[in-house]
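Summary of structural features
Now for the letters of each chain:
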Amino acid sequence: HQRVRADDQPRDLMLPAVRAIADRMILDSANLKYIAAILPRGGLGRIVPGTGWTVRQVIGHVGDAEARHVAAMERLLAGATPFPADYDRDDANAASAQRDAKAPLKSLVARIDDAVSRSVPLYECVTASIAASRARGKDTLAVLLDRWSRHYVAHGIDLVDALPEIRFDPMLLNWLLFVDFEGEPDAAARQRKLWEDVRALPDEDDDEDLPDPEEDQDAF
C-alpha cells in the first residue's frame, strides 16, 4: 500500500480523526467478540429480528464486511476505486450469509480479528490529503472510514435484541447505550427502547436495606 511521505505526516502516526475511528473499531470489535464469548446455549441459531439471519450469520457477516472494507482500503491506497465495477453489496451479504450458515464460531471470530489487525496498518497510511479525497460518490475516505467503523455497534444492537439473556449485561449496556446514532433513526429507536427497558428493571435495592441517615448520625 501507499507509504506516507516524510513531509506529509510523521511515519506511523495516525491522523487524530483516523485514530479515533481506529480506536472505535478496536473497542467495538472487542465488544462483539465478548457477545460471542457469552452466548447462551442455542444462541447461535437464534433468528435476529429484522434480518432473517441467525446470530451465527450476523457475526459472520460483520467479519466478512470488514474483510471487504480492508480490501477496499488497499485498493484506495493504491489509487484504484474501492470496489470492483460489478460489486453488489446485497449480493455479497447474501453470499456471506449462505456460506456462514454452519460455520464454526471460532472461525468467525478469527475473521474479525484478522480484519482488525489488517486495518490498523492501513489507517497509518492515511494522510490528510488522502482522508479528504473522494473515495466513493460524494463521500471522502474519512467519511467512509467513519461509516464502516460504526458497523459493529449497529449489529451489536441486533444481537442483544435476539439474545434477551445477555440484553442487560453491564458491559454491553455501557457500550450500546452511549453510542451516538445520529443519522440512524432505526438504531436510535432501538437504543431508546433499550434505555426504557433498563429503566423498567426492578430496583435491586429494597428501601429496608438502605442505611438510615438518622441512625448513622447517632452512631457518631
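Residues numbered from 1 in each chain as written. Predicted model: local features only at pLDDT ≥ 70, side-chain atom pairs only at ≥ 80, totals over all residues. Heavy atoms only, no water.

Things to note about the confidence of the model for the protein
Keep this limit in mind: On a range of 0 to 100, pLDDT expresses the predictor's confidence in each residue. Any pair of residues with heavy atoms lying within 4.5 Å of one another is described as a contacting pair.
Residue-level pLDDT values for the protein average 87, and 87% of them are 70 or greater. The low-confidence segment residues 1-7, where pLDDT is below 50, has twelve contacts with residues more than four positions distant or belonging to other chains. Here residues 213-220 scores under 50 on pLDDT; set against residues more than four positions off or in separate chains, the count is one contact.

Quick word on helix α6 (residues 141-149)
Spelled out, the test is: Remark: exposure states derive from per-residue accessible area (1.4 Å probe, protein chains only) relative to the maximum for the residue type, with buried under 20%, exposed over 50%, and partly exposed in between. A helix here means a DSSP run of H or I that spans at least four residues, while a strand means a run of E at least two residues long, and both kinds are numbered starting from the N terminus. Here, the arc refers to the directions that run from the helix axis to the C-beta atoms.
Of all the positions in α6, only L141, L144, L145, W148 and S149 are classed as buried. All buried residues of α6 project into a common sector of 130° when viewed along the axis, lining one side.

So, the pattern of salt bridges
Which entries qualify depends on this criterion: One side-chain nitrogen of Lys or Arg within 4 Å of one carboxyl oxygen of Asp or Glu is enough to make a salt bridge.
Here the structure, examined in full by the defined rule, presents 18 salt bridges. Residue K33 is joined to D113 by a salt bridge in which the shortest nitrogen-to-oxygen separation is 2.4 Å. With K33 in helix α1 (residues 16-37) and D113 in helix α4 (residues 105-123), this pair connects stretches of sequence that are 80 residues apart. Residue K33 is classed as partly exposed on the basis of its relative accessible area of 27%. On the basis of relative accessibility, which here comes to 35%, the residue D113 falls in the partly exposed class. With a closest N to O distance of 2.9 Å, R111 and D100 form a salt bridge. Of this pair, R111 sits in helix α4 while D100 sits in the loop between α3 (89-99) and α4, placing them eleven residues apart in sequence. Its relative accessible area of 21% is what places R111 among the partly exposed residues. Through salt bridges with shared partners, a single ionic network connects D158, D161, R167, D186, R190, K193 and D197.

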